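Residues per chain are reported as follows:
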Amino acid sequence: MIKTRQIDVKNPATGEVIESVKVDSKEDIESAILKGHSALKAWSSIHAHEKARLLKKWSEIIHNNKSDLARIMTLESGKPISESLGEVDYAASYIDWYAEETKRLYGRTIPANSENKKIVISKKPVGMVAAITPWNFPAAMMTRKAAPALAAGCTFIVKPAEETPLTTIKLIDFAHEAGIPEDVVQCVNGPGKEVGEVFTDSKLIRKITFTGSTPVGKQLIKNSADTMKHVSMELGGHAPIIVAEDADIDLAVDQTIASKFRNAGQTCICANRLLVHESILEEFSNKLKTKVEQLKVGNGLDDDTQVGPVINEKGFNKIISQINDAVDKGAEVVCGSNTHSDTEKEYFFVHPTVLKYVSRESSIMQEETFGPVIPITSFQDLDEALEIANSTPFGLAAYFFTNDYRTGNYIHDNLEFGIIGWNDGAPSAAHAPFGGMKESGLGREGGVEGIEPYLETKYLSIGNLS
Ligand code: NAP
């Protein structure tokens, strides 16, 4: 008898198993893909206002179950409950936005070069879409893909990260409860490599949309080539914050904390390198220290927790090795760098850490950390700051603080990043295009741009009219 494989979903704050989820076999996944493909014609034929109604109903059910959903998210991801509640709203906002955009999938007509002809352009769904999502935003990373896909008339199948499948499973149940047919939006579970290969090998899947690490994204692009799938990739980041000489230091400190310590620093757009003008370095780092030391670390279910555990031992070891490497290369620990963890129970906490005088050669200045650690280095002039900021293969998010419009304009023009916050550490929004340049990805999610990757352009030339 073949033993059913399962994923034990653990609470990263305690190491306890919350629930076990069945791993879908290759046959299960192929059968789900077939169902999704078969449902495509009927779903894409439903008129836009009915699709909008179903999507809005889905969002409404999510809102009605906000606290339960947030609790599940905190249990499986470790993030503070206040952040999980915020993520539920954020996830639903993508559904609301695309419930409206589905009514605005306009085509156009083009004046022809003959009285005898008419040219009509229309938009059609790309087909069945497969999504693979990460553990750090288990709700929002899914709805950011599912909502535009469904709004465009595509059918959708998602594989969530093994660490956090429960939030996604719940969200898919809510979609069915809202009346979206079961075959139109589906979830399968299993190890990324296995499920990913079934998705990319399938001729019935026409698009892969992925959020996760850059190496996995590159592999998915390669595996999608043989069937010429559409691909959207939201990958790693290495965000700089530039604090100019004239910046409002208190604002910059608060926004740095908001950007860096959210989700224990495990967000792709969170600040990874702090570049502060040398004339304000000491004042800035002293103010930052005072506030960072007040952050409460703990179990995300406790109401006053501001920083939860990191997701797993692999993440924990990467963070610690980056801190040690920076200190070995001359960095000073301003605050933090202590930990509490239990390898056997599998929980890992890193206390919010600030490092100063960090060498550019340190690994933390070159790679994404995904942890609550902020390295500070100083600069003398803006071109030096921009050179440091741009010297990375990543180009997802960047931030800068200045009250001088010429300085701001210059920095904005010269940063090679897809998302830029000027005096703003929290730029994400359903109505704005989210995505990166260079090795941070392909395509955008959110805004009017976010539905385009789910659409094909169809060109009709009508002749012999007169
Ligand atoms: P990861 O290893 O790439 O995992 C992300 C997802 O990919 C998981 O569902 C994982 O499944 C799956 N996966 C792993 N190997 C795979 C393979 N060979 N083929 C297909 N799927 C595979 O990323 P992570 O380290 O867990 O997540 C953090 C990364 O995501 C960071 O680099 C971060 O910057 C990035 N991220 C980017 C954005 C953005 O919008 N740009 C947002 C959030 C996170 P299993 O874990 O179940 O195996």
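Throughout this description, residue numbers start from 1 for each chain and increase along the sequence as written. Given that the model is predicted, a residue must reach a pLDDT of at least 70 before its local features are reported, and side-chain atom pairs must reach 80 or more before they are shown or counted; all residues, however, enter totals for whole chains, interfaces and linings. Only hydrogens and water are set aside when side-chain values are computed; all heavy atoms of the structure are taken into account.

Overview of the overall build of the protein
Let me state the cut-off plainly: The helix and strand labels rest on DSSP assignments: H or I over at least four residues marks a helix, E over at least two residues marks a strand, and numbering proceeds from the N terminus. Put simply, the radius of gyration uses C-alpha atoms, and a globule should come to 2.2 Å times the residue count raised to 0.38. Per-residue accessibility, obtained with a 1.4 Å probe over protein chains only, is compared with the maximum for each type, and a residue is labelled buried under 20%, exposed over 50%, and partly exposed between these values. Here the Shrake-Rupley method, with its probe set to 1.4 Å, supplies the accessible areas, and only the displayed protein chains count as covering residues.
A count of helices and strands for the protein gives 14 helices and 22 strands. Computed over C-alpha atoms, the radius of gyration of the protein comes to 23 Å, within 12% of the 23 Å expected from 2.2 N^0.38 for 466 residues, which places it in the range of a compact globule. Viewed in the frame of its principal axes, the protein has a C-alpha envelope of about 75 × 65 × 40 Å. The buried share of the protein, taken over its 466 residues, is 54%. With an accessible surface of roughly 19,600 Å², the protein has 50% of that area assigned to carbon and sulfur atoms.

A word on the pattern of salt bridges
Heads up, the condition is: The rule for a salt bridge is simple: a side-chain nitrogen of Lys or Arg has to be within 4 Å of a carboxyl oxygen of Asp or Glu.
A full pass over the atoms with the stated rule returns 27 salt bridges. In this structure, Asp24 and Lys22 form a salt bridge, with 3.4 Å as the shortest nitrogen-oxygen distance. With a closest N to O distance of 2.8 Å, Lys291 and Asp254 form a salt bridge. Taken as a pair, Lys291 in helix α11 (residues 281-292) and Asp254 in helix α10 (residues 249-261) lie far apart in primary sequence, 37 residues in all. Each of Lys56, Glu100, Glu101, Lys103 and Arg104 takes part in a single network of salt bridges with overlapping partners.

Quick word on the layout of surface pockets
Once rolled over the atoms, a probe with the size of a water molecule shows which space is left empty. To keep things clear, this is the line we draw: The method works on a 1 Å grid over the protein atoms by themselves. A cavity is a set of points holding a 1.4 Å probe that cannot get out, a pocket is an open set with protein on both sides within 12 Å along at least five of seven lines, and residues with an atom within 4 Å of a point line them. Grid points are joined across faces, edges and corners, and a volume is the space filled by probe spheres set on the points. Residue type decides the class: Asp, Glu, Lys and Arg count as charged, Ala, Val, Leu, Ile, Met, Phe, Trp, Tyr, Cys and Pro as nonpolar, and the leftover types, Gly among them, as polar. Each domain's extent was defined by an automatic or database domain assignment.
Computed from the structure, the largest pocket encloses a volume of approximately 1,200 Å³. Taken together, 42 residues form the lining of the largest pocket, with Trp135, Gly212, Ser213, Val216 and Lys314 sitting closest to its centre. Secondary-structure elements contributing two or more residues to the lining of the largest pocket are α8 (192-201), β8 (205-211), α9 (214-224) and α12 (313-328). At six residues, the largest contribution of residues to the lining of the largest pocket is made by α9. Considered class by class, the residues forming the lining of the largest pocket number 16 nonpolar, 16 polar and 10 charged. The two domains that each donate at least three residues to the lining of the largest pocket are domain 1 (6-235 + 440-462) and domain 2 (239-429).

Remarks on empty space enclosed by the protein
Taken as a whole, this structure holds one cavity of 30 Å³ or more when the rule is applied. Approximately 30 Å³ is the volume attributed to the largest cavity. If you go around the largest cavity, the residues you meet are Gly237, His238, Ala239, Gly265, Thr267, Cys268, Cys270, Asn272, Glu368 and Phe370. Tallied by class, the residues present in the lining of the largest cavity amount to four nonpolar, five polar and one charged.

Quick look at the domain arrangement of the protein
Under the convention used in this document: The quantity reported as buried area is the accessible area (1.4 Å probe) lost by two parts once they are put together, taken as the sum for both.
The domains assigned to the protein are domain 1 (6-235 + 440-462) and domain 2 (239-429). Roughly 2,200 Å² is buried in total at the junction of domain 1 and domain 2, and carbon and sulfur atoms are behind 57% of that figure. Interface area lost by domain 1 to domain 2 is led by Pro12, Trp135 and Ser440, which between them contribute 23%. Linking domain 1 with domain 2 are one salt bridge. The closest approach of N and O atoms between Lys10 and Glu346, which form a salt bridge, is 3.0 Å.

Details of the environment of Lys222
Mapping Lys222 onto the fold places it in helix α9. A relative accessible area of 58% means that Lys222 is categorised as exposed. The spacing of Lys222 and Thr200 is 22 residues in sequence and 9.2 Å in space, taken between C-alpha atoms.

Things to note about the packing of helix α4 (residues 66-77) against helix α7 (residues 165-177)
Quick note on the threshold: Structural elements are reduced to axes, namely lines fitted to C-alpha atoms, with helices fitted over the stretch in contact, and the angle between N-to-C directions of any two is expressed from 0 to 180 degrees. Roughly parallel means an angle under 35 degrees; roughly antiparallel, over 145; roughly perpendicular, 65 to 115; everything else is oblique. Contacts: residue pairs with any heavy atoms within 4.5 Å of one another.
Where α4 meets α7, the closest approach of the two axes is 8 Å, and the angle between their N-to-C directions is 155 degrees. The angle between the axes of α4 and α7 places the two elements in the roughly antiparallel class. Packed against α4, whose contacting residues are Leu69, Ile72, Met73 and Glu76, the element α7 presents Pro165, Leu166, Thr167, Lys170, Leu171 and Phe174 at the interface. Taken together, the residues of the contact of α4 with α7 break down into seven nonpolar, one polar and two charged.

Focus: the nonpolar core
As a reminder, the rule being used: Here, the term nonpolar core denotes a set of buried Ala, Val, Leu, Ile, Met, Phe, Trp, Tyr and Cys residues that are joined through side-chain atoms within 4.5 Å.
Counting 62 residues, the largest nonpolar core has Ile242, Val243, Leu274, Phe284, Leu288 and Leu415 as the members making the most contacts within it. Once residues lying within four places of it in the same chain are set aside, the contact partners of Leu415 are Ile242, Leu386, Ala389, Asn390, Ala398, Phe400 and Ile420. Leu69, Ala91, Ala140 and Met142 belong to the second largest nonpolar core, which has 48 residues in total.

Things to note about the pairing of strand β18 (residues 397-401)
For clarity, the cut-off: One bridge is not enough; two strands pair if DSSP finds at least two bridges between them. Assignment of crossover handedness uses the view with strands pointing away from the viewer, where a clockwise path from the first strand over the helix to the second indicates a right-handed crossover.
Along β18, five of the five residues are buried, which leaves the element largely enclosed by surrounding structure. Residues Ala397, Tyr399 and Phe401 point to one face of β18 and Ala398 and Phe400 to the other, with burial holding for every one of them. Where strand β10 (residues 239-243) and β18 come together, three bridges link them in parallel fashion. Looking across to β18, one finds that Ile242 is bridged to Phe400. Bridge count between β18 and strand β19 (residues 419-422): four bridges; the pairing is parallel. Note that in β19 the partner of Phe400 across the bridge is Trp422. Remark: the β18/helix α14 (residues 405-414)/β19 crossover connection has right-handed handedness.

Here we look at the site of the ligand
How we decide: If even one non-hydrogen atom of a residue comes within 4 Å of a molecule or strand, that residue is called near it. Molecule-in-pocket calls rest on the fraction of atoms, with more than half required to lie within 2 Å of the cavity or pocket grid points.
Close to the ligand lie 31 residues; Thr133, Trp135, Lys159, Ser213 and Glu368 are nearest. Protein chains shield 86% of the accessible area of the ligand, which is 900 Å² for the free molecule. A molecule is said to occupy a pocket when more than half its atoms come within 2 Å of that pocket's grid points, and by this definition the ligand occupies the largest pocket. Sorting the residues of the shell around the ligand by element identifies α6 (140-152), α8, β8 and α9 as the ones contributing at least two each. The greatest single-element share of the shell around the ligand, amounting to three residues, is contributed by α8. Tallied by class, the residues present in the shell around the ligand amount to 14 nonpolar, 10 polar and seven charged.

Some details on unusual backbone geometry
Positive phi is not limited to glycine here, since Ala264 has a value of about 50 degrees. Of note, Ala264 is situated in the loop between α10 and β11 (271-277).

Describing α6
We count it as follows: To estimate the expected span of a helix, count its residues, drop one, and scale the result by 1.5 Å.
Taking 1.5 Å per residue as the helical rise, α6 with its 13 residues ought to reach 18 Å, and the 18 Å between its terminal C-alpha atoms agrees with that figure. The element α6 is extensively covered by neighbouring structure, given that 13 of its 13 residues are classed as buried. At the exit of α6 stands Gly153, carrying a positive phi of roughly 100 degrees.

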